[in-house]
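# Fold and contact review
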Amino acid sequence: MQPAAVSTERSTDIATTVVATMRQLGVLGLPRNYEIFYEALSGTNRDLSLAVVSLSNRPTQDELDQIGRIFFAHNHGPGIVEHARDVIARELEEVASLLRSERSHIEKYGRILDETSSGLSNRSLLSQDLLQKIANAMTIATNSTIDHGRQIASTLSDKTAELESVKSTLEEYKRLADTDPLTKIWNRRAFDKEITRIYNSNKGILFNALILVDIDRFKDINDRYGHPVGDKIIQIIAEIFQTSIRGDMFVARTGGEEFALIIEGASEDATYEIAERIRALIEQTPFTSSQTGINYGTVTVSMGICMASEAEGPEDLYTKADRALYRSKVSGRNRVTRHSAMAGRAGKSWLLYKQD
């Protein structure tokens, strides 16, 4: 049996298992549900697999959507924002109602004070019994106003907590919207914003560099071993990037097998050394299956570097780094090329998310 046939058979097996599992659990055949079970059953995301295993025998759509919001925010963004809008509108209306109620209560208390004051001003009608009644009425009115104020304060505190929860949800969604679900590093959307930020100041232009990375012959890997293996390799390489650079440096997955690193505070030589060290580390990393022991062979990457000071803006910076990456590819792959050391050639468009 040819490798490609093995890959097709494996993918078919997973698809069949996904459909059978969803049918057994009574899960609706929605695309977003299929994505959850496919990723969970293919074993590419351990946390997702554990979340699916913990579901009840008959999971509700709300339970599935909650998992989807955590692991596939890109599919649930409109729902999250719409829910937050509804909660905020409802809470604001309830707060306004509370304030109106408090105003009415205070105005009533004020009228009682005015009437009491008027009664006290007529000394000829005052008696011990009348003073006692006035004191009792004032005590009741004051205690009622204080109790009402405490209730309002308590309710407002609860509303504040609910709004804080909504704020946290939106902040988490914003983070997830900028995070690649497979690798947990930044995604293309976040990269587009970060590369634009470079040119907001002269300091950014002087002290930033862009490294573009592409996994060599990745289509062959997917065709031979299947997409779950390809996804696992992408995850391992992303982890190598994260552990090989400083915490304040930026790394994103910008496409299927493409990555980008923005290096700040390093010269061109230092940036080249960083790229070369990561390239060599990936080449030396064994890519084997922990379950079957299958060795997938050596995996390599090609890289292109351009300093921000060499470009007129973010689009030009991406184009020139991509040009250097292309030179690495046509020169034999598994190498790093500086844009400053080569002649010009047009690259591809960099900005996929012009609008937030």
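Above this text is the structure in question.
Parameters at a glance
- Residues numbered from 1 in each chain as written.
- Predicted model: local features only at pLDDT ≥ 70, side-chain atom pairs only at ≥ 80, totals over all residues.
- Heavy atoms only, no water.
- Helix = DSSP H or I, 4+ residues; strand = E, 2+ residues; numbered from the N terminus.
- Buried < 20%, exposed > 50% of the residue type's maximum accessible area, 1.4 Å probe, protein only.
- Axes fitted to C-alpha atoms, helices over the stretch in contact; angles between N-to-C directions.
- Left-handed = near helix turned anticlockwise from the far one by under 90°.
- Contact = heavy atoms within 4.5 Å.
- Nonpolar A, V, L, I, M, F, W, Y, C, P; charged D, E, K, R; others polar.
- Core = buried A, V, L, I, M, F, W, Y, C linked by side-chain atoms within 4.5 Å.

### Focus on unusual backbone geometry
Within the chain, lysine 184 stands out as a residue other than glycine whose phi angle is a positive 70°. Relative to the helices and strands, lysine 184 is located in the loop between helix H6 (128–177) and helix H7 (188–198). Residue class for lysine 184 comes out partly exposed when judged on its relative accessible area of 42%. Notably, arginine 333 is not glycine yet its phi reads approximately 65°, a positive angle. Tracing the backbone shows arginine 333 in the loop between helix H12 (314–330) and strand E5 (336–338).

### Topic: the packing of helix H2 (residues 31–42) against helix H4 (residues 61–71)
Where H2 contacts H4, the two axes come as close as 10 Å, and the packing angle between them is 65°. Relative to H4, the crossing made by H2 is left-handed. Residues Arg32, Asn33, Ile36 and Phe37 of H2 form the contact with H4, whose participating residues are Gln61, Leu64, Asp65, Ile67 and Gly68. In terms of residue class, the contact of H2 with H4 is made up of four nonpolar, three polar and two charged.

### Quick look at the nonpolar core
The biggest cluster of nonpolar side chains holds 33 residues, and the ones touching the most others in it are Ile237, Phe241, Phe259, Leu261, Ile278 and Met303. Listing elements by their share of this core, those giving two or more residues are strand E1 (208–215), helix H9 (218–225), helix H10 (227–244), strand E3 (258–264), helix H11 (268–284) and strand E4 (301–307). At seven residues, H10 tops the list of elements feeding residues into this core. Counting 18 residues, the second-largest nonpolar core is a separate cluster that includes Phe191, Leu210, Tyr318 and Leu325.

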